[in-house]
Amino acid sequence: MSASIRYRTDHDLGPCVRVLAEVHAHDGYPVNWPDAPDTWLTPASLLGAWVAELHGTTAGHIVLSRSGRGDAAPGLWSARAGVSTDATAVINRLFVAPSARGHRIGAALIAQAVTEARSRGLHPVLDVVASDTAAAALYERLGWQLLGTVEQEWSPTRTVSVHCYAAPRCG
């Protein structure tokens, strides 16, 4: 059985936070657990959010947003493509429940967000913690281009290496 992807509603936030807690315990994502996870799943620059359901249960989540403070990929892409960062959309808050992996849910969620970005005339980009080799492998299997690796200060005592990716060009 394949997962179904649909727009996220306010009623989905509780189940999404529960799945996010499972992912955090299993994989350490997000690196810094947010004080208000439901707010973290709904950034101010939100363009769209989707959930994946498998067997009637929330199994995954993704957000598409405008570039925000700390997003490195939009700047790298815009410099390379010769366009403004306003021409990009950032894919983030992507996670799949550990129990639901192996059903191509991550790829389906990414495809949904990419379709939405392109329908708005925006080029999809993303940042991923360099130590998350499984996520990086997924993006590379899907043809995403590594733009570079940058160091980001996530707290006064923590610097993190982040890989920046851009979706393959259309056409």
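Along every chain, residues carry numbers that run from 1 in the direction the sequence is written. Local features are withheld for residues below a pLDDT of 70 in this predicted model, meaning they are given only at 70 or higher, and side-chain atom pairs are given and counted only at 80 or more; totals for whole chains, interfaces and linings count all residues. For side-chain calculations, the full set of non-hydrogen atoms in the structure is used, while hydrogens and water are omitted.

Draft legend 1. Broad picture of the pairing of strand β6 (residues 145–155). Pairs of strands are assigned from DSSP output, requiring at least two bridges between the strands. Comment: elements are numbered from the N terminus, with helices defined as DSSP H or I runs of at least four residues and strands as E runs of at least two. Sheet topology note: the β6/strand β7 (residues 158–166) ladder contains nine bridges and is antiparallel. What sits directly across from L146, in β7, is Y165. Connecting β6 to the antiparallel partner β7 that follows it, the hairpin turn spans two residues.

Draft legend 2. Seen up close, the pattern of salt bridges. Throughout this description, the term salt bridge denotes a Lys or Arg side-chain nitrogen within 4 Å of a carboxyl oxygen of Asp or Glu. Under the defined criterion, the tally for this structure stands at four salt bridges. Close ionic contact of R6 with E53 constitutes a salt bridge, the shortest N to O distance being 2.9 Å. Separated by 47 residues along the polypeptide, R6 in strand β1 (residues 4–7) and E53 in strand β2 (residues 46–54) bring together distant segments of the chain. Relative accessibility decides the category of a residue: with a 1.4 Å probe and only protein chains considered, values under 20% of the type maximum give buried, values over 50% give exposed, and everything between is partly exposed. The partly exposed category is assigned to R6, whose relative accessible area is 28%. In this structure, the salt-bridge partner of R101 is D27, at a minimum N-O distance of 2.5 Å. With R101 in the loop between β4 (88–96) and α4 (105–119) and D27 in helix α1 (residues 13–27), this pair connects stretches of sequence that are 74 residues apart. Owing to a relative accessible area of 37%, R101 belongs among the partly exposed residues under this scheme. Assessed through its relative accessible area of 41%, D27 is described here as partly exposed. Several salt bridges converge on common partners, so that one network encompasses R6, D12 and E53.

Draft legend 3. Structural context of the environment of H123. Mapped onto the secondary structure, H123 falls in strand β5 (residues 123–129). The class for H123 is buried, based on a relative accessible area of 12%. In this view, H123 contacts W77, A87, T88, A89, R118, A166, A167, P168 and R169; residues no more than four positions away in its chain are not counted. Any two residues whose heavy atoms approach within 4.5 Å at even a single point are treated as in contact.

Draft legend 4. Here's a closer look at the layout of surface pockets. Put plainly, a pocket is an open set of points on a 1 Å grid over the protein atoms alone with protein on both sides within 12 Å along at least five of seven lines, a cavity is a set where a 1.4 Å probe fits but cannot get out, and a lining residue has an atom within 4 Å of a point. Grid points are joined across faces, edges and corners, and a volume is the space filled by probe spheres set on the points. Considered as a void within the structure, the largest pocket measures approximately 1500 Å³ in volume. Broken down by secondary-structure element, the contributors of at least two residues to the lining of the largest pocket are α1, β4, α4, β5, α5 (133–141), β6 and β7. The biggest single contributor to the lining of the largest pocket is β4, with seven residues. All amino acids are sorted into three groups, where Ala, Val, Leu, Ile, Met, Phe, Trp, Tyr, Cys and Pro are nonpolar, Asp, Glu, Lys and Arg are charged, and the leftover types, Gly among them, are polar. Taken together, the residues that form the lining of the largest pocket break down as 23 nonpolar, twelve polar and twelve charged.

Draft legend 5. The environment of R158, seen in detail. Structurally, R158 is set in strand β7. For R158, a relative accessible area of 38% gives the class partly exposed. Beyond its immediate sequence surroundings of up to four residues, R158 is in contact with V31, N32, Q152 and E153.

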